[in-house]
Amino acid sequence: MTDRELVDRAREMQERAYVPYSNFRVGAALLCEDGTVVTGCNVENASYGLCICGERTAMVKAVSEGHRKFKAIAIAGDTDGPCVPCGACRQFIREFASSLDMPVYCVGKDNEHVSYTLDELLAHSFGPADLGK
Ligand code: THU
């Protein structure tokens, strides 16, 4: 699975987004440690605060299927620059990242993806080891 292939899987998932309120479609594709790819999209709700991001949809799907270590994630949105994950999703990625160098591929409208490490997106982060886990 190349970074481009993962980005393409994220892009495809924008189609499934349920976004009647924001009309902002986000697709995500997660590469798990064993090579499995799990995808997700954002799912909104009339009670706005309950909206679930595309990244977290993918991660919760993965964990519920038994995948607890992630190697990479791709995020696609129709932003002018690269579509980067929100703060809550960064912390959620942190929980299951295989390392702080885990790549996060971000792609916007122009389809040119940028690769950030988790550590770049969430510096000095708090994680399971800080609780002795
Ligand atoms: N959204 C995501 O899916 N991922 C992010 O990292 C940022 C925001 C969604 C939430 C909401 O459905 C819409 O984008 C507008 O905020």
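Everything discussed here concerns the structure shown above.
Anyway, here's the lowdown on the structure attached to this text.

## Things to note about the overall build of the chain
Now for step 1: The secondary structure content of the chain amounts to 4 helices and 5 strands.
Now for step 2: Going residue by residue from the N terminus, the α and β elements of the chain occur as α-β-β-α-β-α-β-β-α.
Now for step 3: Dimensions of the chain along its principal axes, counting C-alpha atoms only, are 40 × 35 × 30 Å.
Now for step 4: Burial status across the chain gives 42% buried among its 133 residues.
Now for step 5: When contacts within the chain are restricted to residue pairs at least 6 apart in sequence, those whose partners lie at least 24 apart make up 62%.
Now for step 6: Carbon together with sulfur atoms contributes 50% to the accessible area of the chain, which is approximately 7,100 Å² in total.
Now for step 7: Taking the average location of the 14 positive side-chain charges in the chain and that of its 19 negative ones, the two points are 5 Å from each other.

## Quick notes on the pairing of strand β4 (residues 103-107)
The side chains of a regular strand alternate between the sheet's two faces.
Now for step 1: Of all 5 residues making up β4, 5 are buried, and the element is well covered by its neighbours.
Now for step 2: Across the two faces of β4 the burial is the same, with Pro103, Tyr105 and Val107 and Val104 and Cys106 all buried.
Now for step 3: Two elements, strand β3 (residues 70-76) and β4, share 4 bridges in a ladder whose sense is parallel. By the bridge assignment for β4, isoleucine 73 is matched with valine 104.

## What to know about the packing of aromatic side chains
Now for step 1: For the structure shown, the criterion picks out 3 aromatic pairs.
Now for step 2: Relative to phenylalanine 96, the ring of phenylalanine 70 has its centre 5.5 Å away and its plane inclined at 45°; by these criteria the two rings are tilted. Of this pair, phenylalanine 70 sits in strand β3 while phenylalanine 96 sits in helix α3 (residues 87-96), placing them 26 residues apart in sequence. You'll find phenylalanine 70 and phenylalanine 96 in the same group, each marked buried.
Now for step 3: When the ring of phenylalanine 92 is compared with that of phenylalanine 96, the centres are 6.1 Å apart and the planes differ by 50°; the resulting orientation is tilted.

Calculation criteria
Residues numbered from 1 in each chain as written. Predicted model: local features only at pLDDT ≥ 70, side-chain atom pairs only at ≥ 80, totals over all residues. Heavy atoms only, no water. Helix = DSSP H or I, 4+ residues; strand = E, 2+ residues; numbered from the N terminus. Buried < 20%, exposed > 50% of the residue type's maximum accessible area, 1.4 Å probe, protein only. Contact = heavy atoms within 4.5 Å. Areas by Shrake-Rupley, 256 points an atom, 1.4 Å probe, with all protein chains shown as cover. Lys, Arg positive; Asp, Glu negative; His and termini not counted. Charge placed at Lys NZ, Arg CZ, Asp CG, Glu CD. Pairing = 2+ DSSP bridges. Phe/Tyr/Trp six-rings, centres within 6.5 Å; stacked < 30°, edge-to-face > 60°.

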